[in-house]
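# Overview (structure and organization)
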Amino acid sequence: MKNIISIKNFNKNEILEILEHAKNLKKFPKTDLIENKIVATLFFEPSTRTRLSFTSASFKIGGKVLGFDSPDATSLKKGESLRDTIKVTEGYSDIIVMRHLRDGAAKFASEISSVPIINAGDGANEHPSQTLLDLYTIKENFKSIDNLTTAFVGDLKYGRTVHSLTEALSKFSGQKFYFIAPNEIQIPKEIQKELDLKGISYQLLSDYKEILNQIDVLYMTRIQKERFENPSLYEKVKNSFEISKGTILNKCKENMIILHPLPRVNEINIDLDNTKHALYFEQAKNGVPVREAMIGIALDKLNINFSKKETQYSIEKSSINLCQNQNCITKFERTENKIILKNDEKFCYYCGKKIN
Ligand code: CP
């Protein structure tokens with residue numbers, strides 16, 4: 001049994017092995033890979049792609065699916081905790097795919113559950129299955145993930161897909177990043193610091209026009225209204241970017257691809273949909289084989305050569321909850337007061353945010 005909580009837990013070779021499994025499952029379907037295993041999909045937040053593609057993936061490899069797509073029809077409405085929801089669901093299923101609005105919820109669930117947990121997105125924290133399908137799409141297109149220039153555009157502060165993909169691409173050589181966003185929703189300082197430590201070249205910008213002709217992957221994201229604490233800030237930044245044929249064509253590289261985790265609001269004009277650059281619907285479709293592979297790996301039906309990781313940090317317990325992130329799962333569930341000590345700095349064990 002393997003939990004899939006964070007892309008940080010996989011090295012480059014392990015990621016490539018997952019992508020290879022996905023490619024093989026697409027080419028040679030295995031309709032009995034997880035025969036009769038029950039996959040629980042617990043979605044505490046809205047989803048179209050992630051929930052439906054995990055469901056489709058489960059059916060395609062012989063599994064059965066139960067779950068919910070909104071907490072409104074569950075006993076959470078009666079005040080049940082996430083802890084108890086997980087303890088109960090493990091009795092009904094062989095694996096749990098969970099999306100939750102709180103940062104660190106997937107890690108918390110994995111500590112409680114006796115069946116594997118796959119993180120289908122936890123708050124503004126991570127979205128590892130999205131990252132794997134993003135990488136799959138990049139690799140299918142460029143044949144390699146090395147030596148690419150990627151521009152991330154939009155909500156880089158709250159965008160969990162951006163956080164996970166930045167982390168994953170950093171494991172491959174020759175990467176260059178542009179982070180293009182209004183200052184208020186730029187890429188978090190902790191991620192910038194990680195990139196500095198790894199010696200990865202990146203630049204923060206407020207517009208993409210100057211550097212459009214250098215980009216291999218244009219990764220657009222939605223400004224996520226639901227994550228803003230300050231509604232007037234959302235109103236200020238909501239229309240920051242809209243790419244269209246007029247702003248992109250003949251100004252970008254011939255082979256530049258446009259990705260978007262979707263849903264989009266107005267950041268990609270539909271006039272781009274039928275151009276050779278637009279790969280976002282193909283990207284969404286790739287979620288099925290990638291999630292088939294993830295479920296197969298989590299249930300030990302597919303192997304990857306996991307290497308023993310050298311931990312460059314220690315975990316300690318404190319007497320009180322030190323995490324300052326008000327959206328951290330530790331603020332909503334009874335958790336242990338664990339912190340990570342790394343390079344003389346403290347981080348929350350669950351949401352990973354720096355503790356000052
Ligand atoms: N990309 C993504 O997570 O889409 P959904 O929110 O529709 O699942």
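Residues numbered from 1 in each chain as written. Predicted model: local features only at pLDDT ≥ 70, side-chain atom pairs only at ≥ 80, totals over all residues. Heavy atoms only, no water.

## Things to note about the layout of surface pockets
Space inside the second largest pocket adds up to approximately 160 Å³. Around the second largest pocket, the lining residues are Glu190, Gln324, Asn325, Lys353, Lys354 and Asn356. Residue composition of the lining of the second largest pocket, by class: no nonpolar, three polar and three charged. (1 Å grid on protein atoms, 1.4 Å probe; cavity = no way out; pocket = protein on both sides within 12 Å on 5 of 7 lines; lining within 4 Å. Points joined across faces, edges and corners; volume = space filled by probe spheres on them. Nonpolar A, V, L, I, M, F, W, Y, C, P; charged D, E, K, R; others polar.)

## Considering the packing of helix H5 (residues 128-142) against helix H6 (residues 160-169)
With their axes 9 Å apart at the nearest point, H5 and H6 run at an angle of 55° to one another. Comparing their axes, H6 and H5 come out oblique. Of the two elements, H5 crosses H6, and the hand of that crossing is right-handed. Contacts between H5 and H6 involve Pro128, Gln130, Thr131, Asp134, Leu135 and Ile138 from the first element and Thr161, Ser164, Leu165, Ala168 and Leu169 from the second. Along the lines of polarity and charge, the residues of the contact of H5 with H6 split into six nonpolar, four polar and one charged. (Axes fitted to C-alpha atoms, helices over the stretch in contact; angles between N-to-C directions. Helix = DSSP H or I, 4+ residues; strand = E, 2+ residues; numbered from the N terminus. Parallel < 35°, antiparallel > 145°, perpendicular 65-115°, else oblique. Left-handed = near helix turned anticlockwise from the far one by under 90°. Contact = heavy atoms within 4.5 Å.)

## Focus: the sheet that holds strand S8 (residues 217-220)
Spatially, S7-S6-S5-S8-S9 is the arrangement adopted by the five strands of the open sheet, whose pairing is parallel. Unpaired on one side and paired on the other, strand S7 (201-205) and strand S9 (257-259) mark the two borders of the sheet. Ignoring which end each strand starts from, the neighbouring axes of this sheet average 15° apart. Both strand S5 (residues 149-153) and S8 contribute to a ladder of four bridges, which runs parallel. Its bridge partner being in S8, threonine 150 is matched across the sheet by valine 217. Each of S8 and S9 touches H5; the most contacted strand, S9, lies at about 170° to it. Against the sheet, helix H7 (residues 189-198) touches strand S6 (176-180) and S7, its axis set at about 150° to S7. (Pairing = 2+ DSSP bridges.)

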